[in-house]
Amino acid sequence: MKNVLIIGSTGQIGTELTLELRKRYNGNIVAGYIPGAEPAGELLETGPAEIVDITNGEQIADVVSKYKIETIYNLAALLSAVAEIKPQLAWKVGMDGLFNVLEVARQYKCAVFTPSSIGVFGNNTPKDKTPQDTIRNPRTMYGVTKVGGELLSDYYYIRFGVDTRSVRFPGLISYTAPPGGGTTDYAVDIYYSAIRNERFVCPIAAGTFMDMMYMPDALKAAIQLMEADPARLVHRNAFNVTAMSFDPEIIYKNIRKYIPGFTMEYNVDQLRQSIADSWPNSLDDTCAREEWDWQPAYDLDMMTQDMLSKLKARIQVTLP
Ligand code: SER
């Protein structure tokens with residue numbers, strides 16, 4: 001029996017994490033959503049859903065109290081590129097929202113998982129095999145809220161004993177719900193173009209390496225870390241985790257192994273490129289491996305095979 005609230009349950013991670021948690025735990029796994037992003041289909045049919053706007057602390061507290069929530073997955077966020085366009089809203093959701101969640105967690109004694117990101121790193125951070133404990137000096141609002149979020153989460157653990165835990169997710173690749181406005185989104189979009197036999201226009205330049213991960217591994221990381229023995233955790237907010245690192249040429253060539261006629265051209269988006277240039281080429285996730293046995297299952301080739309077959313099935317279903 002475990003009662004969990006997922007804030008942002010209809011987003012890229014939330015859609016899949018909520019269903020996975022419902023398979024694992026037989027308690028109330030509550031899909032929190034905001035009006036305009038209502039759950040549908042399986043997400044709606046398999047468990048309770050409640051309006052939970054992260055900027056409304058009372059609303060979070062009411063749902064936590066109603067369902068006797070023990071763990072909150074706080075997935076509300078604006079991704080990096082869109083956060084540069086709406087920095088005020090990104091702060092409101094990322095920082096004020098997290099503060100609301102942590103305050104409710106303090107009062108109701110909940111554990112909290114809030115994803116952090118490779119976005120916490122900046123131009124002065126070592127780029128290759130970026131260590132767990134190193135300079136975090138982002139120049140994006142997304143990065144500022146993620147660093148602030150890590151610090152605030154650690155503060156609530158140290159000061160109030162709130163069981164906060166987090167990972168620094170790399171770009172997440174999935175076929176269920178799309179990401180919204182991230183720098184790494186190209187690595188999702190490229191598969192959609194490939195499966196639709198369209199020429200892909202890549203907004204990130206060749207030679208730009210970033211860490212990436214397939215969604216099943218991301219779900220595993222989020223759940224495994226929250227289930228980890230706290231006595232083993234030296235770090236909390238947040239662990240470097242990665243599964244692979246590639247540039248646009250590498251993923252393009254990998255897809256062409258399975259769809260030889262697939263073509264790509266570049267039209268670099270300056271905002272996304274400058275964000276990508278400030279992020280690591282590859283992360284060192286040794287601490288996650290040592291402290292809670294982190295181990296990804298998918299490499300690029302396995303991910304490509306799975307993405308292409310799942311997208312093919314999905315797109316055939318959704319085409320008129
Ligand atoms: N995928 C995110 C982004 O691109 C990084 O955490 O914004």
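The sections below set out a description of the structure shown in this document. Counting from 1, residues in each chain are numbered in the order their sequence is written. Where local features are concerned, this predicted model is filtered to residues with pLDDT of at least 70; where side-chain atom pairs are given and counted, the filter is 80 or more; whole-chain, interface and lining totals use all residues. The side-chain numbers reported here are obtained from all heavy atoms of the structure, hydrogens and water having been left aside.

1. Thoughts on the nonpolar core
For step 1, the next point in the chain: Counting residues in hydrophobic clusters, the biggest one holds 67 residues, and the most contacted among them are Ile173, Tyr186, Tyr191 and Phe246.
For step 2, the next point in the chain: Between two residues, a contact is recorded if the distance between any of their heavy atoms is within 4.5 Å. In this structure, Phe246 is in contact with Ile173, Tyr186, Ala187, Thr208, Phe209, Met210, Met212, Ile251, Leu300 and Met303, ignoring residues within four places of it in sequence.
For step 3, the next point in the chain: One finds Val4, Ile29, Phe169 and Val241 within the second-largest nonpolar core, a separate group that totals 31 residues. Within this scheme, the nonpolar core is defined by two criteria: the residues are buried Ala, Val, Leu, Ile, Met, Phe, Trp, Tyr or Cys, and they are joined through side-chain atoms within 4.5 Å. Burial here depends on accessible area, computed with a 1.4 Å probe over protein chains only, as a share of the maximum for the residue type. Under 20% is buried, over 50% is exposed, and the range in between is partly exposed.

2. Looking at the packing of helix α1 (residues 12-24) against helix α8 (residues 215-227)
For step 1, the next point in the chain: Axes here mean lines fitted to C-alpha atoms, for a helix over just the part in contact, with angles spanning 0 to 180 degrees between N-to-C directions. Think of it this way: any DSSP run of H or I at least four residues long counts as a helix, any run of E at least two long counts as a strand, and we number them from the N terminus. Where α1 contacts α8, the two axes come as close as 10 Å, and the packing angle between them is 55°. Here α1 lies oblique to α8, going by the angle between them. Crossing hand, α1 versus α8: right-handed. Here Gln12, Ile13, Glu16, Leu17, Glu20, Leu21 and Arg24 of α1 come into contact with α8, specifically with Met215, Leu219, Ala222, Ile223 and Glu227.
For step 2, the next point in the chain: In this count, Pro and Cys sit with the nonpolar residues alongside Ala, Val, Leu, Ile, Met, Phe, Trp and Tyr, while Asp, Glu, Lys and Arg are called charged and the others, Gly among them, polar. For the contact of α1 with α8, the per-class residue count stands at seven nonpolar, one polar and four charged. Convention used here: angles under 35 degrees read as roughly parallel, angles over 145 as roughly antiparallel, angles from 65 to 115 as roughly perpendicular, and any remaining angle as oblique. Here a crossing is taken to be left-handed if its near helix is turned anticlockwise relative to the far helix by less than a right angle, and right-handed if that turn runs clockwise.

3. Points about the environment of Val201
For step 1, the next point in the chain: Along the chain, Val201 turns up in strand β10 (residues 200-202).
For step 2, the next point in the chain: Here Val201 falls in the partly exposed class, since its relative accessible area comes to 39%.
For step 3, the next point in the chain: Expressed as a C-alpha distance, the spacing of Val201 and Asp154, which sit 47 residues apart in the sequence, is 40 Å.

4. Describing the site of the ligand
For step 1, the next point in the chain: Each residue is tested against the molecule or strand, and it is near if at least one of its non-hydrogen atoms lies within 4 Å. Close to the ligand lie Leu79, Ser80, Ser117, Tyr142, Phe169, Gly182, Thr183, Thr184 and Trp279.
For step 2, the next point in the chain: Any pair of N or O atoms that falls within 3.5 Å is considered a polar contact. Within protein, one atom must be able to donate a hydrogen and the other to accept it, and sequence-neighbouring residues count only if both atoms are side-chain atoms. Within the contact set of the ligand, an oxygen atom lies 2.6 Å away from a side-chain nitrogen or oxygen of Ser80.
For step 3, the next point in the chain: Taking Thr184, its side chain carries an N or O atom lying 2.8 Å from a nitrogen atom of the ligand.
For step 4, the next point in the chain: Accessible areas in this description were obtained via Shrake-Rupley with a 1.4 Å probe; residue shielding takes into account the shown protein chains only. The fraction of the free accessible surface of the ligand (240 Å²) that becomes covered by protein chains is 94%.
For step 5, the next point in the chain: Taken together, the residues of the shell around the ligand sort by class into four nonpolar, five polar and no charged.

5. Some thoughts on the sheet that holds strand β5 (residues 111-113)
For step 1, the next point in the chain: The pairing criterion for strands is at least two bridges between them, as found by DSSP. The sheet built from six strands is open, its strands ordered β3-β2-β1-β4-β5-β7 with parallel pairing. Two strands close off the open sheet at either side, each with one partner strand: β3 (49-51) and β7 (164-165).
For step 2, the next point in the chain: Pairing of strand β4 (residues 71-74) with β5 involves three bridges; the strand directions are parallel. In the sheet register, Tyr73 faces β5, and the bridge partner there is Phe113.
For step 3, the next point in the chain: Sitting on the sheet, α8 touches β4, β5 and β7, and the angle it makes with β5 is about 155°.

This is a description of form; function is not addressed.
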